[in-house]
Amino acid sequence: MIRAQRRVHAIVWMVLGPALLLGLVWALLARPDLTQPDPAPVREASP
Amino acid sequence: MSHGYVPIQITLRKLAYDAAVVLGIVAYVIIFPAVTNAVLTGPQAVTPRILEMRTWGTCGFVLLTLILMIGPLARLHRGFVPLLWNRRHLGVMFTAVAVYHAFKVWDYYHRYGNIDNTQSIFTWDVAWTSSSVPFPVLGMLALAIFLMMAATSHDFWQAALGPVVWKWLHMGVYLGYALVVGHVVLGALQRESSPLAVTLVGGSVALVGGLHLAAGIGGWIRDRRPDGLVSHAGRQWVACGPVSRFEEGRPVAVSTPDGEVVAVLRHDGALHALHGVCAHQGGPLAEGRVIDGCLTCPWHGWQYQPADGCSPPPFTEQIANYELAFGPDGTVLLDPSAHTDAAPRALSLEALDA
């Protein structure tokens, strides 16, 4: 039982580790340009 | 254990463990805001309420990282095993920290709208992040997993669910961790320019993932090299190595041809061999040590007498023991046949000297 569980632990991390690191890189590349000011909020004209 | 056994006992060791964790948390929630206020000044300054959320959020993330590091560290080096003994308390304290972080967010970001706070979390307008992912929901899902684990961490639930189901259920911590990483990366890191925050998250993933892989690969390599069989006195034995391999009170894992792990240990002038799997939760007895004359499981402290594999009276648990012998060259030999008759089987070291 211990061996089976430990193998599952290793297999889970073989997938999860790289997936999380790739996800981190992707999310950082996709984030907004923090050097630019936020765009002004758009307000709908009142009727 | 069964006979009058009290599953959760407060010992000095556990008190010291808990006290160290509480002191660590207190130190963190004092130091983190102080450093943040000293570093982030002027337009970068953070309001006290947001700083409080960040303090408890990062504290929880650090605790979760430490919790996930303990398992593989204990497998890579025996010196980390004591950290395993009270890991459940650490998990419950981490959950409390996470709940407090969630409460502060619930009570601030989701308080002033025209809908209920909780409903607000699940209908958050995510347009302000480029990821367009509802990261608060990821945090809430992770919190639900951690609450389930904290609620079932008591020995009552271990007994009710059985060791196998309980262990698989608590592997949900990996899903919880992935959700937390997503929660942080798609939330706070989208607006956080500090490289320290990116390093904290990336370092956590690399450390936790790397340690699990190293421990897993190490175990896999060991499993692929079962200890060799030799013929002696007309029987097949597993060669365990010279006596010098066995330190007093420190068991060594020996693999039998049928895949069983046996804990071979030296204690009180003799060698003993016990089945390497604890009767409680399947813990690795070969990674434990002898305490008060008994082989003690590293997971929850269940104990077995080295000679017969029985728990010390008045407890009634028992694991199999094995016969040992010396080969012609003094090699320690293990008969891979398990015995469950509770008869004492010890190999006196005097036999080697004779």
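Predicted model, so just to flag it, every value in this text is computed and none were measured. (Residues numbered from 1 in each chain as written. Chains lettered and ligands numbered in written order. Predicted model: local features only at pLDDT ≥ 70, side-chain atom pairs only at ≥ 80, totals over all residues. Heavy atoms only, no water.)

**Here's the deal with the overall build of chain B**
On a plain count of helices and strands, chain B comes out with eleven helices and eleven strands. Along the three orthogonal principal directions, the C-alpha set of chain B runs to about 85 × 40 × 35 Å. Taking all 354 residues of chain B together, 49% fall into the buried category. In chain B, once contacts between residues fewer than 6 apart in sequence are set aside, the share between residues at least 24 apart is 56%. Total accessible area computed for chain B in this model is approximately 16900 Å², and 65% of it derives from carbon and sulfur atoms. Charged side chains in chain B number 21 positive and 24 negative. The centres of these two groups are separated by 9 Å. (Helix = DSSP H or I, 4+ residues; strand = E, 2+ residues; numbered from the N terminus. Buried < 20%, exposed > 50% of the residue type's maximum accessible area, 1.4 Å probe, protein only. Contact = heavy atoms within 4.5 Å. Areas by Shrake-Rupley, 256 points an atom, 1.4 Å probe, with all protein chains shown as cover. Lys, Arg positive; Asp, Glu negative; His and termini not counted. Charge placed at Lys NZ, Arg CZ, Asp CG, Glu CD.)

**Here's the deal with the packing of helix H1 (residues 12-39) of chain B against helix H2 (residues 48-76) of chain B**
Residue and element names in this part refer to chain B. Running from N to C, H1 and H2 cross one another at 140°; their axes reach a closest spacing of 10 Å. Comparing their axes, H2 and H1 come out oblique. Read as a crossing pair, H1 and H2 show a hand that is right-handed. For the pair H1 and H2, the contacting residues are Tyr17, Ile25, Tyr28, Val29, Phe32, Pro33, Thr36 and Asn37 in the first and Leu51, Arg54, Thr55, Trp56, Thr58, Cys59, Val62, Leu63 and Ile70 in the second. A class-by-class count of the residues in the contact of H1 with H2 yields twelve nonpolar, four polar and one charged. (Axes fitted to C-alpha atoms, helices over the stretch in contact; angles between N-to-C directions. Parallel < 35°, antiparallel > 145°, perpendicular 65-115°, else oblique. Left-handed = near helix turned anticlockwise from the far one by under 90°. Nonpolar A, V, L, I, M, F, W, Y, C, P; charged D, E, K, R; others polar.)

**Side note on the packing of aromatic side chains**
Each aromatic ring pair is summarised here by two numbers: the centre-to-centre distance and the angle between the ring planes. Counted under the stated rule, the structure contains eight aromatic pairs over all chains. With a centroid separation of 5.5 Å and an interplanar angle of 15°, the aromatic rings of B:Tyr28 and B:Phe32 are classed as stacked. Remark: B:Phe32 and B:Tyr28 occur in helix H1; sequence separation between them is four residues, near one turn of the helix. Judged by its relative accessible area of 22%, B:Tyr28 falls in the partly exposed class. With a relative accessible area of 22%, B:Phe32 lands in the partly exposed category. Counting every residue linked through ring pairs, the aromatic cluster contains A:Trp13, B:Phe61, B:Tyr174 and B:Tyr177. (Phe/Tyr/Trp six-rings, centres within 6.5 Å; stacked < 30°, edge-to-face > 60°.)

**Observations regarding the interface of chain A and chain B**
Listed by partner, the interface residues are 26 residues for chain A and 38 residues for chain B. The interface formed by chain A and chain B includes zero salt bridges. Our count for the chain A to chain B interface comes out at two residue pairs in polar contact (both at pLDDT 80 or more). When the residues that make up the side of chain A that touches chain B are grouped by side-chain class, the tally is 17 nonpolar, four polar and five charged. (Salt bridge = Lys/Arg side-chain N within 4 Å of Asp/Glu carboxyl O. Polar contact = N/O pair within 3.5 Å; in protein donor to acceptor, adjacent residues only side chain to side chain.)

**Let's talk about H2(B)**
Residues three or four positions apart in an α-helix share a direction because the helix packs 3.6 residues into each turn. In a regular helix each residue adds 1.5 Å, so 29 residues correspond to 42 Å; H2(B) covers 42 Å between its end C-alpha atoms and thus fits that length. At B:Ile70, H2(B) shows its largest bend, some 30°, and a proline, B:Pro72, comes one to four positions later. (Expected span 1.5 Å × (residues − 1). Bend = angle between axes of the 7 residues up to and from the residue.)

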